[in-house]
Amino acid sequence: MEKGAELKVLLGIGGGIAAYKSCELVRRLREAGCAVRVVMTRAGAAFVTPLTFQALSGHPVRVDLLDAEAESGMDHIALARWADRVVIAPATADLMARLAAGLADDLLTTICLATEAPMLLAPAMNRVMWEHPATQANHRLLQQRGVRMVGPGTGGQACGETGAGRMAEPQAILHALLGPGTGPLTGKRVLITAGPTQEPIDPVRFIGNRSSGRMGVALAAAARDAGAEVRMVHGPLGVALPAGVNTVAADTAESMHAAVLRHIEGVDLFIAAAAVADYRPRTAADQKLKKNAAEMTVELVRTPDILADVAARRPRPFVVGFAAETAELRENARVKLERKGLDMIAANDVSAGRAIGAPENSLTVLWPGGERLFPEQPKDDLARALIELIAKRMASGAETDSN
Ligand code: CTP
């Protein structure tokens, strides 16, 4: 893995609306310790001003090739040599075409021809432009020449269409450039469950719950940012999948249980953030049930307890569970911690519709011999704080591997 501290990144900005996301990318690159110099195309400079990138990068921004004054400072060849990496975000269809053709008709394409640094492109454009055979051929050609690509993603676009062409998120570009990063979980393998499960009654109906998966996804992203290799087994989510995390979809408690056991080998940390159904219908009807009778009864049977089964393994990872309580939060959570033999439990107060599905939450975290209250805050912040605490507890030798 590269160390950000040693990395000089030349960031090229093409002319697309996604250029605004590159402001965040510059900030994150610098936070990761990279030195950043920004070169914009003329069209790029029409979307976000060079002054913005100058302020964010801490260096003058170059746009023109034939700029005598700027060339007397660091000229285009010096810039091309300076860079350890060239990242272009957004890479428009036009920019990709010019790079594929080997043109040097502006400063950015000239630097790309003159550099020996590895290149990473984050394409961003309208869906139809992305799917055009010309763009696809340019994309393939650039890849064959060793240019790496991150994205594009699929979703709503600035032009109002939905499809492939959205620029990858800054975090995903950072991850593609720097790898998993350095943090308190570097080298650790983490498995997280997230989201609700849906237990089928018939082909169109199920028993589910209000979980959005937001906390599990935030934990997966926080563990990734802490340097871990993260896998997330998830039910149907109400939030986007995190970039840079291996994901496995599992809709029912039983399929989630099977997926977790398939991937548990060699895992250092297991976090059960999923809202797994404790019961499922004994049978799921093959055909849609008709409303013939005045009453109907659905017989429920227990589902396997994923968390308890992982905690019972020997050797086993550091195991963190969640508890959803409506009353006597600490007492009930402490009992659950001991009964399931966990290393840590994070208790949610879910009374009066709190926590579940909401963007903010507070948590009472308990472990053998200690506890900590995290006050109400956005789940992303909460996840980062919880991952930090878990990493500290793991480092202090609280693993139960030897038990
Ligand atoms: N869990 C699990 N598999 C299940 C049920 C729950 O892995 N089949 C995990 C959840 O992901 C969570 C914790 O166990 O980490 C919740 O424990 P649970 O005993 O189900 O407690 P609650 O849902 O809080 O409810 P109850 O008080 O009814 O036990």
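These figures come from a predicted structure and were not determined experimentally. (Residues numbered from 1 in each chain as written. Predicted model: local features only at pLDDT ≥ 70, side-chain atom pairs only at ≥ 80, totals over all residues. Heavy atoms only, no water.)

> Honestly, unusual backbone geometry in this entry has me stumped. Any pointers?
For residues other than glycine, phi is negative in most cases, and the peptide bonds are mostly trans. At the junction of Gly151 and Pro152, the peptide bond is cis and its omega measures out at 5° in the coordinates. The residue Pro152 is located in the loop between β5 (148-149) and β6 (153-156) in this model. Following Arg314, the chain continues to Pro315 via a peptide bond in cis, the omega torsion being -5°. In this structure, Glu328 is a non-glycine residue whose phi angle is positive, near 45°. Tracing the sequence through the fold places Glu328 in the loop between β16 (318-325) and α14 (329-340). (Helix = DSSP H or I, 4+ residues; strand = E, 2+ residues; numbered from the N terminus.)

> Is there a simple way to think about the sheet that holds β5 in this case?
Across a sheet, strands are paired by hydrogen bonds formed along the backbone, either parallel or antiparallel in direction. Strands sit in the order β2-β1-β3-β4-β5 across an open sheet of 5 strands; the sheet is parallel. Edge positions in the sheet fall to β2 (35-40) and β5, since each of these pairs with one other strand and no more. The pairing of strand β1 (residues 8-13) with β2 spans 6 bridges and is classified as parallel. For Lys8, the partnering residue across the bridge sits in β2 and is Ala35. Helix α6 (residues 93-101) rests against β3 (85-91), β4 (119-123) and β5 of the sheet, and its axis sits at about 140° to β3. (Pairing = 2+ DSSP bridges. Contact = heavy atoms within 4.5 Å. Axes fitted to C-alpha atoms, helices over the stretch in contact; angles between N-to-C directions.)

> Would you explain α14 in this entry?
Each α-helix turn comprises 3.6 residues. Residues three or four places apart therefore point the same way. With 12 residues, α14 extends 16 Å from end C-alpha to end C-alpha; this agrees with the ideal 16 Å at 1.5 Å per step. Regarding α14, the residues found buried are Leu329, Ala333, Leu337 and Lys340. Mapping the buried residues of α14 onto a view down its axis gives an arc of 90°, with all of them on the same face. In α14, the exposed positions that point more than 90 degrees away from the buried face belong to Glu338 and Arg339. (Expected span 1.5 Å × (residues − 1). Buried < 20%, exposed > 50% of the residue type's maximum accessible area, 1.4 Å probe, protein only. Arc of directions from axis to C-beta.)

> Quick question: what am I supposed to make of the packing of aromatic side chains here?
The description of an aromatic ring pair rests on the distance of the ring centres and on the angle between the ring planes. A full pass over the atoms with the stated rule returns 0 aromatic pairs. Its guanidinium or amino end placed over the ring of Trp82, Arg37 lies 5.6 Å from that ring's centre, counting from NZ or CZ. A cation over a ring is seen here: Arg302 above Tyr279, with NZ or CZ 5.7 Å from the ring centre. (Phe/Tyr/Trp six-rings, centres within 6.5 Å; stacked < 30°, edge-to-face > 60°. Lys NZ or Arg CZ within 6 Å of the ring centre and 35° of its normal.)

> Mind showing me how you'd approach the environment of Leu25 here?
Here Leu25 is to be found in helix α1 (residues 19-31). Judged by its relative accessible area of 1%, Leu25 is buried. Not counting the four nearest positions on each side in its chain, Leu25 is found in contact with Leu11, Ala89, Pro170, Ile173 and Leu174.

> Just checking my understanding: could you explain the site of the ligand for this structure?
Residues in contact with the ligand amount to 16 residues; listed here are only the nearest, Ala272, Ala274, Pro304, Phe322 and Lys336. With respect to the ligand, the backbone of Pro304 contributes an N or O atom lying 2.8 Å from a nitrogen atom. Measuring from an oxygen atom of the ligand, one finds a side-chain N or O atom of Lys340 at 2.9 Å. Considered on its own, the ligand offers 580 Å² of accessible surface; in the complex 78% of this is hidden by protein. Sorting the residues of the shell around the ligand by element identifies α13 (306-311), β16 and α14 as the ones contributing at least two each. (Near = heavy atom within 4 Å. Polar contact = N/O pair within 3.5 Å; in protein donor to acceptor, adjacent residues only side chain to side chain. Areas by Shrake-Rupley, 256 points an atom, 1.4 Å probe, with all protein chains shown as cover.)

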